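Okay, here's what each chain looks like letter by letter:
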Amino acid sequence: MTKVLRDFSCRIGNTCPRIEQNVEGSYDIVGTNVPDGELPGHERKIRVPATMLPELAGLDIPDFNAWLEQHRKAPGDILRVQTLDSYEVESDGGDFAAYVQGRPGPTSPDREPFFQQLRDERAKGMTWRDLTVVNGPLTDYQRYGFDWVCEDAVAAGQDIRILDVAAQPAAAVLLRLGDFWVVEGDHVVLVQYDGENRHLGEVAVEDQAKHGYVAAAEMAWQLATPFATWWATALETHPEYRRTQRAA
């Protein structure tokens, strides 16, 4: 059983309402344990689906690529929101380590298959949008991604925008939401990471809970700047962001 106490919202002398996961996988929200003259003499219980509280749920999409294939359409649209300032991933084929070591350019064999996928999907009318949230000066990982990945991904057909919360402080709420996908404007999936930013898996968000994520993603997309424009401006003030040599 999962129990969460939210003491910050309670009056002094009372315990919080409890959120308990039941045997069916959904949640019971149970009223205060301490008698209160302002409340009925019995506790109130509300049952909500587990997807209403996705942050408490376990990982429930065993194969995300298969899930994505099932839910995408042609033509269609997916939007990935990325909020971390670095990622610990093996799929870069060692390119990030090479970037940090000062090597001239990317060499991962996984690059071209990904770019070909983007070209193929674009030819079918399928849009893959990527929104990357930054906060002021770039980390090494962000510099690597923008210089060695994003330019080529845009050329292959991916639509990438950058949102700098240092310039748009109201958008800082996205940093608390974390990474997520919006698929076909209707399906929402949270991406979970551990403390070292290693990918753990995905959690589906359904029912009414998903609408806030969809609205946040679309609003952020409108506030963001197309990658080519944003990158050109960034390089004017930080020319060191680009390597002097890149692999052909």
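Preceding this section is the structure that the text describes.
Each value, and the rule that gives it
- Residues numbered from 1 in each chain as written.
- Predicted model: local features only at pLDDT ≥ 70, side-chain atom pairs only at ≥ 80, totals over all residues.
- Heavy atoms only, no water.
- Phe/Tyr/Trp six-rings, centres within 6.5 Å; stacked < 30°, edge-to-face > 60°.
- Helix = DSSP H or I, 4+ residues; strand = E, 2+ residues; numbered from the N terminus.
- Buried < 20%, exposed > 50% of the residue type's maximum accessible area, 1.4 Å probe, protein only.
- Lys NZ or Arg CZ within 6 Å of the ring centre and 35° of its normal.
- Expected span 1.5 Å × (residues − 1).
- Arc of directions from axis to C-beta.
- Contact = heavy atoms within 4.5 Å.
- Core = buried A, V, L, I, M, F, W, Y, C linked by side-chain atoms within 4.5 Å.
- Salt bridge = Lys/Arg side-chain N within 4 Å of Asp/Glu carboxyl O.

K.L.:
Just checking my understanding: could you explain the packing of aromatic side chains for this structure?
P.N.:
The geometry of an aromatic ring pair comes down to the distance between the two centres and the angle between the two planes. Per the counting criterion, the structure on display carries 20 aromatic pairs. Ring centres of F146 and F227 lie 5.9 Å apart, and the angle between their planes is 45°; on these two criteria the pair is classed as tilted. Pair noted here: F146 is in helix α4 (residues 140-156) and F227 is in helix α7 (residues 227-237), with a separation of 81 residues, a long-range link. On the accessibility criterion, F227 (3% relative accessible area) is buried. Taking the ring centre of W221 as reference, the NZ or CZ of R129 above it sits at 4.9 Å.

K.L.:
Is there a simple way to explain helix α3 (residues 111-123) in this structure?
P.N.:
A rise of 1.5 Å per residue sets the reference length of α3, with its 13 residues, at 18 Å; its end C-alpha atoms lie 19 Å apart and thus fit the reference within 8%. Buried within α3 are the following residues: R111, F115, L118 and E121. Along the axis of α3, the buried positions cluster into a sector of 125°, meaning they face one direction only. Projecting away from the buried face of α3 at angles above 90 degrees are the exposed residues P113 and A123. Buried-residue contacts for α3 involve α2 (95-100), β6 (126-134) and α4. The positive-phi residue at the C-terminal boundary of α3 is G125, with phi of around 85°.

K.L.:
Sorry if this is basic, but what is going on with the nonpolar core here?
P.N.:
Nonpolar side chains tend toward joint burial in soluble globular proteins. One finds F146, W181, W230 and W231 to be the most contacted residues of the largest nonpolar core, which totals 34 residues. The greatest single-element share of this core, amounting to 7 residues, is contributed by α4. Judged by nonpolar contacts, the second largest core, of 20 residues, contains A171, F180, Y213 and V214.

K.L.:
Can you walk me through the environment of N135 in this structure?
P.N.:
Following the sequence through the fold, N135 ends up in the loop between β6 and α4. Separated by 30 residues in sequence, N135 and V165 place their C-alpha atoms 5.1 Å apart. The residues contacting N135, other than those within four sequence positions of it, are D164, V165, A166 and L175.

K.L.:
So what exactly am I meant to see when it comes to the pattern of salt bridges here?
P.N.:
A side chain with one charge can pair with a side chain of the opposite charge if their charged atoms come near. Taken as a whole and judged by the stated rule, the model has 11 salt bridges. A salt bridge links D77 to R129; its shortest N-O distance comes to 2.9 Å. A residue pair is termed long-range when its members are at least 10 positions apart, and D77 in strand β5 (residues 76-82) and R129 in strand β6 qualify at 52 residues. The class of R129 is buried, set by a relative accessible area of 9%. Put simply, D147 and R242 hold a salt bridge, and the shortest N to O gap is 3.9 Å. Within this pair, whereas D147 is found in helix α4, its partner R242 is found in the segment after α7, the two being separated by 95 residues in sequence. With a relative accessible area of 0%, D147 lands in the buried category. We classify R242 as partly exposed; its relative accessible area is 31%. Linked through salt bridges whose partners overlap, the residues forming this network are D77, R129 and E218.

K.L.:
What is the right way to read unusual backbone geometry from this model?
P.N.:
Glycine aside, the phi torsion of most residues is negative, and most peptide linkages are trans. Residue P75 is bonded to the preceding A74 through a cis peptide linkage, with omega at -5°. At N197, a position not held by glycine, the phi torsion is positive, near 65°. Inspection of the secondary structure puts N197 in the loop between β9 (187-193) and β10 (199-205). Owing to a relative accessible area of 16%, N197 belongs among the buried residues under this scheme.

K.L.:
Got a minute to help me understand the environment of D159 in this structure?
P.N.:
Looking at the secondary structure, you find D159 in strand β7 (residues 159-164). Looking at D159, the relative accessible area reads 27%, which means it is partly exposed. Sequence separation of D159 and D130 is 29 residues, and the distance between their C-alpha atoms is 6.2 Å. Ignoring sequence-local partners within four residues, the contact set of D159 consists of R122, W128, R129, D130 and W221.

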